[in-house]
Amino acid sequence: MSGTPAHRRPVAWGATVKAVLWSFLGLRRRRDFEQDVQRLNPIAVMATGVVLALLFVVGLMLIVRWVVASNAGAL
């Protein structure tokens, strides 16, 4: 492993988003996980996880509002 601290690694946004999305599903091969741990910036992984979780919650809220609003006229 290199002498660079983990939090100073360059940010690979594509790989970071991919790793976070796989972790949301709970499906990740051990080999891929270990590679992610060695090459991804942990701060970028945490920030990406928070942003994607917020987007997921907001998306669910918008879907619920849309469904409730479309059924309000049916009553």
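Residues numbered from 1 in each chain as written. Predicted model: local features only at pLDDT ≥ 70, side-chain atom pairs only at ≥ 80, totals over all residues. Heavy atoms only, no water.

Quick look at the overall build of the chain
- Helices and strands together make up the secondary structure of the chain, namely three helices and zero strands.
- Element order for the chain, N to C, with α for helix and β for strand: α-α-α.
- For 75 residues, the compact-globule formula gives about 11 Å, and the C-alpha radius of gyration of the chain, at 18 Å, lies well above that figure.
- Seen through its C-alpha atoms, the chain measures out along the principal axes to roughly 65 × 25 × 15 Å.
- Going through the 75 residues of the chain one by one, you find that 17% of them count as buried.
- Partitioning the contacts of the chain with sequence separation of at least 6, the portion at a separation of at least 24 is 83%. (Helix = DSSP H or I, 4+ residues; strand = E, 2+ residues; numbered from the N terminus. Rg over C-alpha atoms; globule rule 2.2 N^0.38 Å. Buried < 20%, exposed > 50% of the residue type's maximum accessible area, 1.4 Å probe, protein only. Contact = heavy atoms within 4.5 Å.)

Comments concerning helix H1 (residues 13-25)
- Relative to the 18 Å expected for 13 residues at 1.5 Å per residue, H1 spans 19 Å between its end C-alpha atoms, a close match to the ideal helical length.
- Considered for burial, the residues of H1 that qualify are Ala15, Thr16, Ala19 and Val20. Take H1 and look down its axis: the buried residues cluster within an arc of 130°, on one side only. For H1, exposure combined with an orientation more than 90 degrees from the buried face picks out Trp13, Gly14 and Leu25. (Expected span 1.5 Å × (residues − 1). Arc of directions from axis to C-beta.)

Topic: a nonpolar patch on the surface
- The grouping of Phe56, Val57, Leu60, Met61, Ile63, Trp66 and Val67 at the surface amounts to a nonpolar patch, some 730 Å² of accessible area in total.
- Here Trp66 lies in helix H3 (residues 42-72). (Patch = residues over 30% accessible without salt bridge, like charges linked within 9 Å, V, L, I, M, F, W, Y side chains within 5 Å. Areas by Shrake-Rupley, 256 points an atom, 1.4 Å probe, with all protein chains shown as cover. Salt bridge = Lys/Arg side-chain N within 4 Å of Asp/Glu carboxyl O.)

Here's the deal with the environment of Val45
- Note on placement: Val45 falls in helix H3.
- Using a relative accessible area of 29% as the deciding quantity, one classes Val45 as partly exposed.
- Distance from Val45 to Thr16, taken between C-alpha atoms, is 5.8 Å for residues 29 residues apart in sequence.
- Aside from chain neighbours lying at most four places away, what touches Val45 is Thr16, Val20 and Leu40.

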